[in-house]
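# Structure assessment
As a plain string of letters, each chain reads:
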Amino acid sequence: MTQLIRSVDLSSALYVVATPIGNLRDITLRALDTLTAVDVIYAEDTRQTRRLLDAYGIKTTLRTYHDHNGAQMRPVIIEALEKGERLALVSDAGTPLISDPGFKLVRDVREAGFDVVPIPGPSALTAALSAGGLPTDTFTFAGFLPVKTGQRLERLKSFADQKTTLVLYESGNRLDDTVEAIIEVFGAETELVMARELTKMFETIIHSEAGAFLSQLKEDGPPKGEIVLMVSLTGEGQVEVSEEDIDAYLIDRMANLGAKGAAAEASRKFDRPKRELYARAVSLQDKARGDNG
């Protein structure tokens, strides 16, 4: 593969280089040129990056840059740029800084007056969106949700009024907790897509309603590998509902949530104004009291 690599004359800068998320053949030719030409490659995990470099015969010096040593290494990197060196930053896989360490380094390098050059390429985020079958004209990337249940729910609720495809990264052992939270906030009928192990041997893409997906997940157990979870909050593809369906939905939830809580859930589910549904819920309550009186 080394014959594909060209000798290029790079200027002193920090090159932010995207690397494969699984299949090593997804590397771009420009990325190979850059990784060969720079003086030092800074990687989140040098063992992971070494496998990529070895596959293409690249001998460039490899050093670590991650959250734990970032404060110590940023001055070292800027000093190297002051000497005219050419440096590359890579993550474990995919495009650096997408839910990865590095933004402080990029900011400090720019503030010090040096160029930061993107070398685009693979990203689990865009790969999942391209094959997920959910609307992509507007999407919101939220990375990993908080570990604690209450914080996770609050984070999801912050997206409740948005018309978007919500994209999350998740691990297999936390997936069921995340889907349960999605159901609690958005409803069991919420459309979602799980993309797992993208570009690898066991690549899997599952399109389902949240409730059915959770049932299958509990039966099969937690999946292995890296997961991108996409949640449709756009309302597209939903079946038209009758006024009677909305009334039944409100009545079913008012016993536990009251008129205000039931209206809030119905607003998210049916894409109707919350004020309108609250008035409707109150009217249903008054009618029920009249019938019982």
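Calculation notes
Residues numbered from 1 in each chain as written. Predicted model: local features only at pLDDT ≥ 70, side-chain atom pairs only at ≥ 80, totals over all residues. Heavy atoms only, no water. Helix = DSSP H or I, 4+ residues; strand = E, 2+ residues; numbered from the N terminus. Polar contact = N/O pair within 3.5 Å; in protein donor to acceptor, adjacent residues only side chain to side chain. Contact = heavy atoms within 4.5 Å. Pairing = 2+ DSSP bridges. Right-handed = clockwise from strand over helix to strand, strands pointing away. Phe/Tyr/Trp six-rings, centres within 6.5 Å; stacked < 30°, edge-to-face > 60°. Buried < 20%, exposed > 50% of the residue type's maximum accessible area, 1.4 Å probe, protein only. Lys NZ or Arg CZ within 6 Å of the ring centre and 35° of its normal.

## Regarding the side chain of Ser-232
- If you trace the backbone, Ser-232 turns up in strand β10 (residues 226-232).
- Polar side-chain contacts of Ser-232 include one of 3.2 Å to the side chain of Thr-234.
- When neighbours within four sequence positions are excluded, Ser-232 is seen to be in contact with Leu-134, Pro-135, Thr-164, Thr-190 and Glu-191.

## Digging into the pairing of strand β3 (residues 61-64)
- As defined by bridge partners, strand β2 (residues 40-43) adjoins β3 across four bridges and the pair is classed as parallel. Counterpart to Tyr-42 in the pairing with β3 is Arg-63.
- Taken together, β2, helix α2 (residues 46-55) and β3 form a β-α-β motif whose crossover is right-handed.

## Details of the packing of aromatic side chains
- Here the structure, examined in full by the defined rule, presents two aromatic pairs.
- With 4.9 Å between their ring centres and 65° between their planes, Phe-141 and Tyr-169 make a pair best called edge-to-face. Of this pair, Phe-141 sits in strand β6 (residues 139-143) while Tyr-169 sits in strand β7 (residues 165-171), and the two are 28 residues apart along the sequence.
- Residue Tyr-169 is classed as buried on the basis of its relative accessible area, which comes to 11%.
- Here Phe-144 and Tyr-169 contribute two aromatic rings whose centre-to-centre distance is 5.9 Å and whose plane-to-plane angle is 70°, an arrangement assigned as edge-to-face. Taken together, the residues Phe-144 in the loop between β6 and α6 (149-157) and Tyr-169 in strand β7 connect sequence positions 25 residues apart.
- Take Phe-144: its relative accessible area is 48%, and that puts it in the partly exposed class.
- Through a chain of ring-to-ring contacts, the aromatic side chains of Phe-141, Phe-144 and Tyr-169 assemble into a single cluster.
- Here the basic side chain of Arg-253 rests over the ring of Tyr-249, its NZ or CZ set 3.5 Å away from the ring centre.

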